[in-house]
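The chain contents come next:
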Amino acid sequence: MMRRPTVSVLIAAHDCAPTIGRAIASALAQPETSEIVVVDDASGDDTRACVAGWAARDDRVRLVALETNVGPAGARNRALKVATGEVLALLDSDDFFAPGRLARLLAEPGWDMIADNVAFVTERGAETLDFASLPGVGRGFEAIDAASFIRGNLASAHHTRGEMGFLKPLLSRAFLLRHGLGYDGTLRLGEDYDFYVRMLLAGARFRITRQAGYGAIVRSNSLSARHSTVDLGALDTAIARHEAKADAVTKAAMRAYRAEVRAKLDHRVFLDRKAQEGLAAAMKYAMGGGGRLAAIVRGVARDKLQPLRRDRDGLRDDGYRLLLDVAG
């Protein structure tokens, strides 16, 4: 019988006192969890005290307390540095693992990254979600390369919000150490996407299944729903850096994704200039060519429709939505 690898569950936490307990409990319920590293990113609420309470009851829970906020990428880098497990499992502070998730993923051979489908639910839906009843149960695994992963993040490929950058894979710690990889601490938007792409460009073997094993709470006020000019600019720069290490097919996918990010950036700059310098200055920027005007018009229309999207939230009537299409 093969030895079971040790698993470190990594949680970056900031002002999440109401939900951090559920995340920790779902990880502790996995027999494969050897430790849970929670990095409190200078929370202003009772998050740190909540985690300390869990640590007092179970020595697998480790608290790393930061006095200065460094953002999700910086907090995850701290977790990467102190983790001791052979396998690293990413978990957001308001999300949760399905029962038996780690065992199911660890049983699959031949990977450096492995992920399952994500079930998006509301807070109420999380209380009743039955992973065993979701479509895709029993689905096998498929390999995914860098170009396919990047194309899976294109908005044009999805009728609802569904980006592969939202996947929360298990990672080989040996692979990360061998290639000196970690999160880009300058990113506060797209930091997971950037990390996964750099792993794939370094040769990581990525396997996914469309069976759901990760629950993600849908919030209209999440960090990923608010894109600042600085954050979008940093992501645009990161995507440009990726191209230098990519083959022709992957570069084509990168350029398509970068065009979407640039469109969002142009819209954000337009709004900033309108607020700071007035409509005339904003219109001058919009008319500057390079497809800016069309991108800005689409962005304005998207803003108008955003309240309707938040009401719908893309969730099914029975309370969930899957990230990956089970028919894929």
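Residues numbered from 1 in each chain as written. Predicted model: local features only at pLDDT ≥ 70, side-chain atom pairs only at ≥ 80, totals over all residues. Heavy atoms only, no water.

Asker: Before we move on, can you summarise the pattern of salt bridges with the specific residues and values?
Answerer: Enumeration over the complete set of coordinates arrives at 20 salt bridges. Two residues, R48 and D40, come together in a salt bridge whose shortest N-O distance is 2.9 Å. What makes D40 buried here is its relative accessible area of 0%. D112 serves as the salt-bridge partner of R205, at 3.1 Å between the closest nitrogen and oxygen. With R205 in the loop between α8 (191-201) and β9 (206-217) and D112 in the loop between α4 (101-106) and β6 (113-121), this pair connects stretches of sequence that are 93 residues apart. Take R205: its relative accessible area is 44%, and that puts it in the partly exposed class. Under the relative-accessibility criterion, D112 is labelled buried at 7%. (Salt bridge = Lys/Arg side-chain N within 4 Å of Asp/Glu carboxyl O. Buried < 20%, exposed > 50% of the residue type's maximum accessible area, 1.4 Å probe, protein only. Helix = DSSP H or I, 4+ residues; strand = E, 2+ residues; numbered from the N terminus.)

Asker: Quick one: what's the story with the packing of helix α9 (residues 229-242) against helix α10 (residues 248-277), residue by residue and with numbers?
Answerer: Between α9 and α10, the shortest axis-to-axis distance is 9 Å and the interhelical angle comes to 160°. Here α10 runs roughly antiparallel to α9, going by the angle between their axes. Where α9 crosses over α10, the two elements pack in a sense that is left-handed. Across the interface between the two elements, T229, L232, G233, L235, D236, I239, A240 and H242 from α9 touch M254, Y257, R258, V261, R262, K264, L265, R268, V269 and D272 from α10. A breakdown of the residues in the contact of α9 with α10 according to their chemical character gives nine nonpolar, three polar and six charged. (Axes fitted to C-alpha atoms, helices over the stretch in contact; angles between N-to-C directions. Parallel < 35°, antiparallel > 145°, perpendicular 65-115°, else oblique. Left-handed = near helix turned anticlockwise from the far one by under 90°. Contact = heavy atoms within 4.5 Å. Nonpolar A, V, L, I, M, F, W, Y, C, P; charged D, E, K, R; others polar.)

Asker: So what about the packing of α10 against helix α11 (residues 279-286)? Which residues, and what values?
Answerer: Put simply, α10 and α11 touch, their axes get as near as 7 Å, and they point 155° apart. Compared by their axis directions, α10 and α11 come out roughly antiparallel. The handedness of the crossing between α10 and α11 is right-handed. Contacts between α10 and α11 pair D266, V269, F270, R273, K274 and E277 from the former with L279, A281, A282, M283, Y285 and A286 from the latter. Per-class residue counts for the contact of α10 with α11 are eight nonpolar, no polar and four charged.

Asker: Describe helix α1 (residues 17-28), with residues and values.
Answerer: Taking 1.5 Å per residue as the helical rise, α1 with its 12 residues ought to reach 16 Å, and the 17 Å between its terminal C-alpha atoms agrees with that figure. Those residues of α1 that sit buried are A17, T19, I20, G21, A23, I24, S26, A27 and L28. Looking at the buried side of α1, the elements it contacts are β1 (7-13), β2 (33-41), α2 (47-57), β3 (61-66), β5 (96-97) and α5 (123-128). (Expected span 1.5 Å × (residues − 1).)

Asker: Can you break down a nonpolar patch on the surface residue by residue, with the values?
Answerer: Where nonpolar side chains cluster on the molecular surface, the patch consists of L279, M283, M287, L293 and V297 and spans about 460 Å² of accessible area. Assignment of secondary structure puts L279 in helix α11. (Patch = residues over 30% accessible without salt bridge, like charges linked within 9 Å, V, L, I, M, F, W, Y side chains within 5 Å. Areas by Shrake-Rupley, 256 points an atom, 1.4 Å probe, with all protein chains shown as cover.)

Asker: I'd love a proper account of the environment of V39, names of residues and values included.
Answerer: With respect to the helices and strands, the residue V39 is situated in strand β2. The exposure class assigned to V39 is buried, which follows from its relative accessible area of 0%. In this structure, the C-alpha to C-alpha distance between V39 and L63, residues 24 residues apart in sequence, is 6.1 Å. For V39, the residues in contact, after removing those within four places along its chain, are I11, A12, A13, V64, L66, A75, R78 and A79.

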